[in-house]
Amino acid sequence: MIIFKYSLYVIYFLTFFNPFLLHADTSDMVKKGFDLAEGQYELLYNKHKDLSKYPRSADPNGKTTFTDIRDWTGGFWPGCLWYVFEYTGDDKWREAALQWTNSLRENQFNTNHHDIGFVMNCSYGNAYRLTGDTTFKSILIQSAKSLLTRFNPKVGAIKSWDTFYSWDGKHKYDFPVIIDNMMNLELLFLASKLSGDPIYRNVAIRHAETTLKNQYRPDYSSYHVVAYDPNTGAVLSRETAQGFADNSAWARGQAWGLYGFVLMYRETKDPKYLEAAQKMADFYINHPRLPQDKVPLWDFDVDQPGFFPNWDYRKADFKTVPRDVSAAAVTASALLELVDYMGTRRKQEYLDVAEMILRSLGSPQYSSEVGANGLFVLEHSVGSIPHKGEIDVPLVYADYYYLEALMRWNKQRHRLAQLMEEWQEMNKKKAQVLKDFQQQKFGLFIHWGLYAIPAGIWNGKKIEDLGSPSVAEWIQLVAKIPRSTYAKLADQFSPQSFDADKIVKMAKDAGMKYLVVTSKHHDGFALYGSAVSPFNVIQATPYKRDIIQELYDACIRHQLDFGVYYSHNIDWKDGSDAQYAATKAQHDMLNKKTDAFGANLWDPSTNSFASYLNEKAIPQVREILNRFKQLKYIWFDMPGLMTAEQSFRFYKTVYECNPHVIVSERIGNGMGDYAIPGDNRIPDPSEHFTQPWEAIGTFNHSWGYKSYDHDWKDVNELRYWLLEIVSKGGNYMLNIGPDAQGNVAAPVKKNLAILGRWLQLNAEAVYGTSPWTIAHEGPTIIRITDTEQREREGFKAAFTALDFWFTQKKDFVYVMALVAPKDGVVKVKSLNQNKAKVKSVEILGFGPVHFWQDDQGLQLKLPKKMQNNSLGYALKIKLS
């Protein structure tokens, strides 16, 4: 038996960008619908195991009825399961959907009816969209080939049924085309995208042209059936099969046509299809006999003057005219795509109708209770009243299009503009903590984990010889280490030299104001005791000590702000392929490239990415925030292919746990509280930031410990980084990577100690400052662009006594120099008397000095004991 979990959902859509207004928060409407679907389908799935029988409807006693693989409705049941998986992200639903989808494999060769599009696109089409499994491509293409066998170029249409008999019994037609056939064209467009062959697309367009010409009346109601002469293409008859009368508007037929022409516009962008779809929508919406709840009668013209059925109709058989919920569900789904192509006024009108339909279908009048209704979601659909079949019953395709419409509604609710509006409200409330963050200026970054054990070498080869990137913490990806092999490194992780207090005190003595440490890097290993995943320092290693807890406690003791790094998107242990295959499947259809950087494509976990988010990433983020109550920062990284909805979900999770925690830019999709210019990169003077920003840099050329990289930044290079960043208004977070025993390299400790003494003397010029009118004056210009540049070129700067960096605070400007002039004479050109009036000058750590100003600049002479100062000096200047 499969046990299904009722988990928080994750939205799995590509992001759309045009904004609109909604009247209310309708998330409960969506949740209610999917909660019911989960309850019903769990019972149905566990009760019914025969993969040759597909749930279709229910008998008068509420017992589920089934059909076989030859029927046109077989694909809807797996399609419903795919939508539940898409909403919940629960892999149990994915496995169920795959099982039922694969039961339809032989249908790819079915040429017996036109509904192969329904069968295979709802099942395999959704499977390919949501998994990216390329083995499904050939099945979908073959299915389209089978559908093409029914196309007649003389008629310009795909044949629906093999024959059609008029209700009067007088006519038999050999080439009937029904309006339902518009729904099968989506398979043809998909096949052209997957194969590169335009033949499928061309047939779809030809069929739509013929349908629009011959199947629609001037008011844009449709005939159900048009019969053609297969030899000449001439129209022989326009009739109905499932509607009230030949000239009536059968409700589901109106819905099929609307849906079909909306997708025609999506695929071709031909305005005539948009115009037709809009008129079809208006016919439905504005019909005088559309009930107030927007769920139509099974035919708009039942019992109306001028409409005469040719079949055995007895009005007395019906106490009331039956409604058709399936028509409403298809219409709602179509409208929710149509709004993407409308202007603001019409958009809102269509959204209002779609919302009313969905609210109606979710009400007790049309929704089932768990355990009833043949285990379907919706009640009160109509199959075919003229055929005396499936009247006022549940229908699997009503459920399918209802769930699709709910997913489309969710997409509408979560457009980027809507998300950003909510994000901005949360972000605005962090103004003070962001201001405080800007004053910190200098922090410590720590990258540490199992990757410290190989230390940049795998099977005797250095990481540079294996591929890229060449930073040690990426060894698992670069060496393509299987997950099970990499996990065994945990058996060796026992850093007996680790001392949280020593590391925190080292940072504090260096002048750092905060510390951020990797709680979980891309390898998926947690440096804290996690109840969510056993792959952590407590459960998986012999060390049995909580490293994050110890660092957190030490930061509290030493009054250093604390933050964690968390790899939210990439997790080589449990994060599947970081949704690469599913994204690529969608991008391929748009002729758009997909970047796989960082994704585990060599040994991905078998769960879905959605399941990883639901069951590991989001719960671990909550776990961290709930445990470490005084945490100040969370540093997400490498958003990759994450959608705006996914980034927003992480941001809101953080906010709901602790609204004062600030989030790094790398949460993705523009939803960070502060910017990160890049790895080992100092922004150019021309770059301007609308947010606080933080530059991050390594002490050598790797974030994680690399045993053979000893190219440590010296004190002058560190001071240059700090001054260059602070003078431009940023923070500098400098990284260290302890070795596998927890040791910090001796040059790191030595250089930080020297830097700390310099900062202690010149603290006033650094902390709590903001940029002055210029950041730097002098001949030495250096561009720091990335990790590779520094490793390739080294640091060759020769600073002079003419190089100055500027900051300001209140009424003071600070001028900092790395080199003291040999003659002791200082001249700052940017403070000439034409630009500023200086009232006083003080040397930090020494006191006031005599100065003079002229057209050349501010000038002064350093005291003799400072003229040979190897660490330069800082001036505090008061302007009038």
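Above this text you will find the structure in question.
This is a predicted model, so every value here is computed, not measured.

Rules of the game
- Residues numbered from 1 in each chain as written.
- Predicted model: local features only at pLDDT ≥ 70, side-chain atom pairs only at ≥ 80, totals over all residues.
- Heavy atoms only, no water.
- Buried < 20%, exposed > 50% of the residue type's maximum accessible area, 1.4 Å probe, protein only.
- Helix = DSSP H or I, 4+ residues; strand = E, 2+ residues; numbered from the N terminus.
- Pairing = 2+ DSSP bridges.
- Axes fitted to C-alpha atoms, helices over the stretch in contact; angles between N-to-C directions.
- Contact = heavy atoms within 4.5 Å.
- Polar contact = N/O pair within 3.5 Å; in protein donor to acceptor, adjacent residues only side chain to side chain.
- Phe/Tyr/Trp six-rings, centres within 6.5 Å; stacked < 30°, edge-to-face > 60°.
- Lys NZ or Arg CZ within 6 Å of the ring centre and 35° of its normal.

(A) Expanded view of the pairing of strand S28 (residues 857–861). For S28, the tally of buried residues reaches four of five residues, placing the bulk of the element in the interior. For strand S24 (residues 825–828) and S28, the ladder comprises four bridges, and the chain directions are antiparallel. Residue pairing across strands places valine 828 opposite leucine 858, the latter belonging to S28. Pairing geometry for strand S27 (residues 851–854) and S28, over four bridges, is antiparallel.

(B) Inspection of the sheet that holds S24 at higher detail. Taken in spatial order, the three strands line up as S24-S28-S27 in an open sheet, and their pairing is antiparallel. Each edge of the sheet is formed by a strand with only one pairing partner; in this case those strands are S24 and S27. Across the sheet, the mean angle separating the axes of adjacent strands is 20° when strand polarity is ignored.

(C) Structural context of the environment of asparagine 310. Take asparagine 310: it is sitting in the loop between helix H9 (271–285) and helix H10 (325–338). The class for asparagine 310 is partly exposed, based on a relative accessible area of 42%. Between the C-alpha atoms of asparagine 310 and serine 381, which are 71 residues apart in sequence, the distance is 22 Å. In this structure, asparagine 310 is in contact with Trp167, Asp168 and Asp246, ignoring residues within four places of it in sequence. Among the polar contacts listed, one links the side chain of asparagine 310 to the side chain of aspartate 246, at a separation of 3.3 Å.

(D) Main features of the sheet that holds strand S26 (residues 847–848). Strand order in the open sheet formed by six strands is S21-S22-S23-S29-S25-S26, and the pairing between neighbours is antiparallel. Edge positions in the open sheet fall to strand S21 (776–777) and S26, since each of these has one partner strand only. The strands that helix H23 (residues 715–726) touches are strand S22 (804–809) and strand S23 (812–817); relative to S22, the one it contacts most, it runs at about 50°.

(E) Region of interest: the packing of aromatic side chains. All told, the structure shown has 65 aromatic pairs when counted by the stated rule. Ring geometry for tyrosine 83 versus tyrosine 400: centroids 5.1 Å apart, planes at 55°, classification tilted. Here tyrosine 83, found in helix H2 (residues 76–88), pairs with tyrosine 400, found in helix H12 (residues 396–413); they are 317 residues apart in sequence, far enough to count as distant. Among the aromatic side chains, those forming a connected cluster through ring pairs are Trp72, Phe76, Tyr83, Phe118, Trp256, Tyr259, Tyr397, Tyr400 and Tyr401. Sitting over the ring of tyrosine 273, lysine 272 keeps its end group 4.9 Å from the ring centre. The ring centre of tyrosine 566 lies 4.7 Å from the NZ or CZ of lysine 520, which sits over that ring.

Just geometry here; none of it tells us what the structure is for.
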